[in-house]
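Okay, here's what each chain looks like letter by letter:
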Amino acid sequence: MWKVKPPIAFPMETRYRPILESLVPPDPMSRLHLRRFSADEEFPDLSRNSTWMARILTPAMYRRQFHRCTQSGVIFDDVIRPGLEEPGERPTPESVGCVAGDAQCYVLFCDFFDRVIEAHHQHEISGQAPEGDFNYDNLKGTCDFDSSYAVRCEASVVRGVEDFCFPTHCSRGERRQLLTLARRALLRLEEEELPGRFLPLEELDQEQQRELNLEPPSAYQLRIGTARDWPDARAVWVSKDGSLVVWVNMDDHLRLVSTRDDGNIVEAFKCVCINLQKLEGFYRELRHPFTWKQQLGWVSSSPADVGTGLRIRVHLRLQHLPGHKRLQDVLRRLRVCMHATTESPALYCVSNAATFGRSEVGLTQLVVDGVKLLVAMEKRLEDGRDIDELVPTQKCGGRSQLVTWKSSGAA
């Protein structure tokens, strides 16, 4: 009952994907009449750029993408623009540095996107459709965290809606139609015994926005086009019991978030799973299903969210472990990320490093196991003991080691 089967396969896309990848469409690119020089003359300066985009993109790859354009008008320079606006800091690339303007980008520019996805998620793309699993009962072992360390947790998931461009490229009319669809689907959700309020951003005053922890769009969001016409056609839906928040047309078409002021990640995950599947059904009835690609799973604007679109976050109070010399090695082996929060110097957010390569339950289990181990290490350090014997053996998420993309992409 709970095992999620992938949507109906798109055999034509799978069969002709190699052809689409090498296709140079004469239309609509021929109608754009862009005033550009040759691909070599237009190639960007990536010498001080540490994003995955810059690590992977070569002049040869840029030339292959240069004359391509999706049916909605997305060209390759639109794809790499985020990485050029925010080049990141060396030596570790934390940002993918690229964005899809529409779902067709993942097919037309797959020569580039597939390599970014594999590098970022550390998992090789195969011909098999990713398998989903929303059954929270499949989580193994006890998932409760020590309340002395785990102070808050959150489960969130993003979805794109079929037949609409993604936020960096969509028109005002598309955005407004997406808002109408969301309103209708969320009204159905309210009828399914989860009452809530639909709040258009343009109707909220500053006090209401503060209550919702809503911040104005960043300069980066404005530069890449995500926040165009803000706050037009943006909204937030909040359940009456506070268990679920749905963001509409913010950084993605839809983002479902369940936050708890404790460490009960199972309840947060359960809330997202149940309501996401209900919304998926409502959108299908409206003839606008969520966007799925055969080899990638669920896709939205960022390749960092392909596969499941799921993020599991746990806020931990840690005093000793953040300064330990082996911490980064431990995090890599656990396949989780950890960063400081602005709330407290000793409060850190731990989350899954990837969304692709494992099922929803698998990703949640990975974070649960990782958090438990980090807390066990913190306790040892509090007692003045060593943590070396707790360091896990290396686990690989698909490829044990990535190839040097610069050399492989130059062919």
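In this text the structure is predicted, and so the values were computed from the model without any measurement. (Residues numbered from 1 in each chain as written. Predicted model: local features only at pLDDT ≥ 70, side-chain atom pairs only at ≥ 80, totals over all residues. Heavy atoms only, no water.)

A.B. asks: Before we go on, may I ask you to explain the overall build of the protein in this structure?
C.D. replies: A count of helices and strands for the protein gives 15 helices and 12 strands. Put simply, the protein has 411 residues, and 54% of those count as buried. Excluding contacts between residues fewer than 6 apart, the proportion of contacts in the protein whose partners are at least 24 apart in sequence is 77%. If you sum the accessible surface of the protein, you get close to 19700 Å²; carbon and sulfur atoms cover 49% of it. (Helix = DSSP H or I, 4+ residues; strand = E, 2+ residues; numbered from the N terminus. Buried < 20%, exposed > 50% of the residue type's maximum accessible area, 1.4 Å probe, protein only. Contact = heavy atoms within 4.5 Å. Areas by Shrake-Rupley, 256 points an atom, 1.4 Å probe, with all protein chains shown as cover.)

A.B. asks: Just to check I follow, could you spell out helix 6 (residues 76-85) for this structure?
C.D. replies: Because an α-helix packs 3.6 residues into every turn, residues spaced three or four apart end up facing the same way. Considered for burial, the residues of helix 6 that qualify are Phe76, Val79, Ile80, Pro82 and Gly83. Seen along its axis, helix 6 keeps its buried residues to an arc of 135 degrees; they face one direction. Residues of helix 6 that are buried in the fold lie against helix 4 (52-56), helix 5 (59-66), helix 7 (105-108), helix 8 (110-121) and helix 11 (219-224). (Arc of directions from axis to C-beta.)

A.B. asks: Any chance you could explain the environment of isoleucine 56 here in plain terms?
C.D. replies: As for its placement among the helices and strands, isoleucine 56 is situated in helix 4. Isoleucine 56 gets classed as buried once you look at its relative accessible area, which sits at 0%.

A.B. asks: Before we go on, may I ask you to explain the pairing of strand 3 (residues 150-159) in this structure?
C.D. replies: Counting buried positions along strand 3 gives 10 out of 10 residues, so the element sits mostly inside the fold. Relative to strand 10 (residues 310-317), strand 3 is paired through 7 bridges, and the arrangement is antiparallel. Looking at strand 10, one finds that serine 156 is bridged to arginine 311. Judged from the 7 bridges that link them, strand 3 and strand 7 (residues 254-260) form a sheet pairing that is antiparallel. Bridging from a neighbouring strand, glutamate 154 pairs with threonine 259 of strand 7. (Pairing = 2+ DSSP bridges.)

A.B. asks: What is the right way to look at the packing of aromatic side chains in this model?
C.D. replies: The geometry of an aromatic ring pair is captured by two quantities: the separation of the ring centres and the angle between the planes. With the rule as written, the count across this model stands at 9 aromatic pairs. On the basis of an interplanar angle of 80 degrees and a centroid distance of 5.4 Å, the ring pair of phenylalanine 43 and tyrosine 62 is categorised as edge-to-face. One end of the pair, phenylalanine 43, is in the loop between helix 3 (39-42) and helix 4; the other, tyrosine 62, is in helix 5, and 19 residues separate them in sequence. Residue classification places phenylalanine 43 among the partly exposed residues on the basis of a relative accessible area of 24%. Their ring planes at 45 degrees and their centres at 5.1 Å tell us that tyrosine 283 and phenylalanine 290 sit as a pair that is tilted. In this pair, the class of tyrosine 283 matches that of phenylalanine 290, namely buried. Linked through ring pairs, Phe43, Tyr62, Phe66, Phe76, Tyr106, Phe109, Phe112 and Phe113 together constitute an aromatic cluster. (Phe/Tyr/Trp six-rings, centres within 6.5 Å; stacked < 30°, edge-to-face > 60°.)

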